[in-house]
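What follows is each chain in one-letter form.
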Amino acid sequence: MPVALEDIMRLLCSISEERKMKAAVRHSGRGALVTGAVAFVGGLVGGPPGLAVGGTVGGLLGAWMTSGQFKPVPQIIMELPPAEQQKLFNEATAIVRHLEWTDAVQLTMLVMGSEALQQQLLAMLTNYVTKELRAEVQYDD
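Residues numbered from 1 in each chain as written. Predicted model: local features only at pLDDT ≥ 70, side-chain atom pairs only at ≥ 80, totals over all residues. Heavy atoms only, no water.

## A closer look at the environment of Ala4
- Tracing the backbone shows Ala4 in the segment before helix H1 (5-18).
- Note on Ala4: relative accessible area 25%, which makes it partly exposed.
- Through-space distance from the C-alpha of Ala4 to that of Asp103 is 8.5 Å; in sequence the pair is 99 residues apart. (Helix = DSSP H or I, 4+ residues; strand = E, 2+ residues; numbered from the N terminus. Buried < 20%, exposed > 50% of the residue type's maximum accessible area, 1.4 Å probe, protein only.)

## A short note on the side chain of Ser16
- Tracing the sequence through the fold places Ser16 in helix H1.
- At 2.8 Å, the side chain of Ser16 forms a polar contact with the backbone oxygen of Leu12.
- The residues touching Ser16, leaving out its near neighbours within four places in the chain, are Met21, Val73, Pro74, Ile77 and Leu125. (Polar contact = N/O pair within 3.5 Å; in protein donor to acceptor, adjacent residues only side chain to side chain. Contact = heavy atoms within 4.5 Å.)

## Topic: helix H6 (residues 115-131)
- A rise of 1.5 Å per residue sets the reference length of H6, with its 17 residues, at 24 Å; its end C-alpha atoms lie 24 Å apart and thus fit the reference within 8%.
- Turning to H6, its buried residues are Leu117, Gln118, Leu121, Leu122, Met124, Leu125, Thr126, Tyr128 and Val129. (Expected span 1.5 Å × (residues − 1).)

## Quick look at the packing of H1 against H6
- Their axes nearest at 10 Å, the elements H1 and H6 cross at an angle of 95°. In this view, H1 runs roughly perpendicular relative to H6, as classed from their interaxial angle. Residues Leu11, Leu12, Ile15, Ser16 and Glu18 of H1 pack against Gln118, Leu121, Leu122, Met124 and Leu125 of H6.
- When its residues are assigned to classes, the contact of H1 with H6 shows seven nonpolar, two polar and one charged. (Axes fitted to C-alpha atoms, helices over the stretch in contact; angles between N-to-C directions. Parallel < 35°, antiparallel > 145°, perpendicular 65-115°, else oblique. Nonpolar A, V, L, I, M, F, W, Y, C, P; charged D, E, K, R; others polar.)

These figures come from the coordinates and say nothing about function on their own.
If you want it as structure tokens, here you go:
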């Protein structure tokens, strides 16, 4: 039976959705730059107290700038270009190749019934998102 790319993508979306996976490209450099710049200006203007206030304000500003940029992993998966979906497909197929299914629903049920398969697929997906997409993964529990 040929394995359908759509079935595997739906499976990965289901698993990542159940675990409430989110990912964001890291912008910590930008946040650190803002923090340092505001602290520097605060130090120039107000001396040591200005440095403390500038560091605090800069830290809050840097955190605010980089917050809220997490997207649900299922959304990221569905927005991937076909070549990237094919990479994910190849890696996931290697994990579930021994299973027999007829559609995405049956495949998802088989995988959800096996904690070991879920863990393998989650590890593969997390590795893909962090290495290939250079993103930070977050789980909301």
